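# Survey of secondary and tertiary structure
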Amino acid sequence: QVQLVESGGGLVQAGGSLRLSCAASGSMFSINAMAWYRQAPGKQRELVASSTGGGSTNYAESVKGRFIISRDNAKNTVYLQMNSLKPDDTAVYYCNVDVLVVAGILKNYWGQGTQVTVSS
């Protein structure tokens, strides 16, 4: 089994930065594709950033130029670097990862979510 544990959320003032981490643990070989979603109260969950196993990245227009998705394969951890944060970025952030649990077999997992609150 594989578990994703998120960390790095918190309260920050507008213009500040946070780095979210999503660490995968358990029986696995490596991380493949990855993504970060967020959900604000009363709103649907939206895709913030994604990355393929080959490293190609995509970002929501609202965060383009401010957020960076990355990974550390040695640590089986994915990151979301968030810069120039705005109050509208306030949400619960979730990582979503395709994990290579064994050669040729991918499984998808969600993190538990971490709260990001940006104050003005």
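Please refer to the structure placed before this passage.
Notes on the structure follow. (Residues numbered from 1 in each chain as written. Predicted model: local features only at pLDDT ≥ 70, side-chain atom pairs only at ≥ 80, totals over all residues. Heavy atoms only, no water.)

### Regarding the packing of aromatic side chains
The cut-off we apply is this: Note on aromatic contacts: the rings of Phe and Tyr and the six-membered ring of Trp form a pair at centre separations within 6.5 Å, being stacked when their planes are under 30 degrees apart, edge-to-face when over 60 apart, and tilted otherwise. Cation placement over rings: the criterion is NZ of Lys or CZ of Arg within 6 Å of the ring centroid and within 35° of the ring normal.
The final tally for this structure, using the stated rule, is 1 aromatic pair. Over the ring of Tyr-94 we find Arg-45; its NZ or CZ atom is 3.8 Å from the centre of that ring. The side chain of Arg-45 reaches across the aromatic face of Trp-110, ending 4.9 Å from its centre.

### Topic: the side chain of Thr-114
Condition: Numbering goes from the N terminus for both helices and strands, where a helix is a DSSP run of H or I of at least four residues and a strand is a run of E of at least two. We define a polar contact as two N or O atoms separated by no more than 3.5 Å, with the added condition that, inside protein, one atom must be a possible hydrogen donor and the other a possible acceptor, whereas residues neighbouring each other in sequence contribute only through side-chain atom pairs. Between two residues, a contact is recorded if the distance between any of their heavy atoms is within 4.5 Å.
Assignment of secondary structure puts Thr-114 in strand S11 (residues 114-119). Within the structure, Thr-114 has its side chain in polar contact with the backbone nitrogen of Gly-9 (distance 3.3 Å). Filtering out sequence-adjacent residues up to four positions away, Thr-114 remains in contact with Glu-6, Ser-7, Gly-9, Leu-20, Ala-91, Val-92 and Tyr-93.

### Things to note about the sheet that holds strand S1 (residues 2-7)
What counts here: Being paired, for any two strands, means DSSP has found at least two bridges between them. Axis lines are fitted through C-alpha atoms, for helices just across the contact stretch, and the angle between N-to-C directions can take any value from 0 to 180 degrees.
Strand order in the open sheet formed by 4 strands is S1-S3-S8-S7, with antiparallel pairing between adjacent strands. Of all the strands in the sheet, just S1 and strand S7 (67-72) have a single pairing partner and so form its edges. Between one strand axis and the next, the sheet turns by 15° as a mean value, whatever way the strands run. Alignment of S7 against strand S8 (residues 77-82), held across 6 bridges, turns out to be antiparallel. Looking across to S8, one finds that Ser-70 is bridged to Tyr-79.

### Remarks on the side chain of Glu-6
Convention followed: Note on classification: 1.4 Å probe, protein chains only; a residue is buried when its accessible area is under 20% of the maximum for its type, exposed when over 50%, partly exposed between these limits. Note that His is not counted, nor are the chain ends; the positive residues are Lys and Arg, and the negative ones are Asp and Glu. Salt bridges, as used here, are contacts in which a Lys or Arg side-chain nitrogen is within 4 Å of a carboxyl oxygen on Asp or Glu.
Along the polypeptide, Glu-6 turns up in strand S1. Of the buried charged residues, Glu-6 lacks a salt bridge, with Arg-45 as the closest side chain of opposite charge at 7.9 Å. Of note is the side chain of Glu-6, whose polar atom sits 2.8 Å from the backbone nitrogen of Cys-95. Within polar-contact distance, the side chain of Glu-6 engages the backbone nitrogen of Gly-113 at 3.2 Å. Contact partners of Glu-6, with chain neighbours within four places excluded, come to Ser-21, Cys-22, Trp-36, Tyr-93, Tyr-94, Cys-95, Gly-111, Gln-112, Gly-113 and Thr-114.

### A look at the state of the cysteines
Two cysteines form a disulfide when their sulfur atoms are joined by a covalent bond. Note the threshold: By definition, disulfides here are pairs of cysteine sulfur atoms that lie within 2.5 Å.
Counted under the stated rule, the structure contains 1 disulfide. One disulfide in the model links Cys-22 with Cys-95; its S-S distance is 2.0 Å. Taking the torsion about the S-S bond as the criterion, the Cys-22 to Cys-95 disulfide, at about 55°, is right-handed. One end of the pair, Cys-22, is in strand S3 (residues 18-26); the other, Cys-95, is in strand S9 (residues 91-102), with 73 residues separating them in the sequence. Comparing Cys-22 with Cys-95, the two get one shared label, buried.

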